[in-house]
Amino acid sequence: MTENSAVPSPAPSPKIDTTVPVSARIWNYWMGGKDYYPVDQEAGDQFVAIYPGIAYMARASRYFIARVVRYLGGEVGIRQFLDIGTGLPSHDNTHEVAQRVAPESRIVYVANDPLVLSHARALLTSTPEGTTDYIDADLNDPDTIVKIAQTKLDFTQPIAIMLMGILGHLGNPEEKDDYVARSVVDRLKTALPPGGYLALYEATNTVAAHNEAIRLYNESGAVPYHLRSSEQIGRFFGGLELVDPGMVEITQWRPDNNPFGAEGINAWRGVARKP
């Protein structure tokens, strides 16, 4: 982490608020990137001081995403991916992994963070055989996401919808039986064609230090993030068929060699098919 402190911050955009931390930029800092501001580094360091495991989680989650895309593109044969809540570009982005498996793959990213939008040109690289596109939209408005995505992907054919670490920004799991987040996911599942897949991961509320770090982060003025129980995360897959090994801790989902060992992480992942 400390070696990143010498990396120049990106030039601010009039639409980018550099006075409050933003989760995508903090995540980029934890991943060893350079697209963050001092306020993000400060918030990231404060978080790590309370819960050091978050930096490991950030890196391990990237490996999970790559494994999911390789599985869906390789073993299942999915050629269309709707990646909602994509962060800043890093190594092994969804389109890079998918198009290594099958160059004709079509990927659509969805986000509404101004800094991510400013990197859209980098995200829009693609193989000649496939396509990579971008939607500037808010997950709180799934109808708009689906409507625009239907102009870019063929919803008569299987699609993989990816929600990687983004649902914590939706609603509050303690209110009305987590109605807000569940209604958004239900809308996306309704649009998912038969034979399509939902892939997601979310951190759980099982570690006291993580809970405390989140509490302080939510007091910083940033968009709040809420941790859920594993049972609440499991409900998002309602009506779908979980593929083996089911909903498990992140490093246990179809594990392969990675540089992070087998340290446990309080985050659960799953991939499920729509019948």
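Residues numbered from 1 in each chain as written. Predicted model: local features only at pLDDT ≥ 70, side-chain atom pairs only at ≥ 80, totals over all residues. Heavy atoms only, no water.

## Overview of helix α2 (residues 38-50)
Taking 1.5 Å per residue as the helical rise, α2 with its 13 residues ought to reach 18 Å, and the 19 Å between its terminal C-alpha atoms agrees with that figure. What α2 keeps buried is the set Val39, Asp40, Gln41, Ala43, Gly44 and Phe47. Its buried side turned inward, α2 meets α1 (23-30), α3 (53-76) and α9 (208-218). (Helix = DSSP H or I, 4+ residues; strand = E, 2+ residues; numbered from the N terminus. Expected span 1.5 Å × (residues − 1). Buried < 20%, exposed > 50% of the residue type's maximum accessible area, 1.4 Å probe, protein only. Contact = heavy atoms within 4.5 Å.)

## Description of the side chain of glutamine 80
Tracing the backbone through its elements, the reader meets glutamine 80 in strand β1 (residues 80-84). Within the structure, the side chain of glutamine 80 is placed 2.7 Å from the backbone nitrogen of aspartate 154, a separation counted as a polar contact. Not counting residues within four places of it along the chain, the set of residues in contact with glutamine 80 comprises Arg106, Leu153, Asp154, Gln157, Pro158, Ile159 and Ala160. (Polar contact = N/O pair within 3.5 Å; in protein donor to acceptor, adjacent residues only side chain to side chain.)

## Digging into the environment of leucine 163
Checked against the element boundaries, leucine 163 lands in strand β4 (residues 160-164). Under the relative-accessibility criterion, leucine 163 is labelled buried at 0%. Separated by 80 residues in sequence, leucine 163 and aspartate 83 place their C-alpha atoms 6.6 Å apart. Excluding its chain neighbours within four sequence positions, the residues that come into contact with leucine 163 are Ile84, Leu139, Val185, Leu188, Leu198, Ala199, Leu200 and Tyr201.

## Some words on the confidence of the model for the chain
Averaged over every residue, the pLDDT of the chain is 88; residues scoring 70 or more account for 90%. Averaged pLDDT values over the elements of the chain bottom out at 68 in helix α6 (residues 120-123) and peak at 98 in strand β6 (residues 241-242). Low pLDDT, under 50, characterises residues 1-14; the stretch is placed with 22 contacts to residues that sit more than four places away or in other chains. (pLDDT = per-residue confidence, 0-100.)

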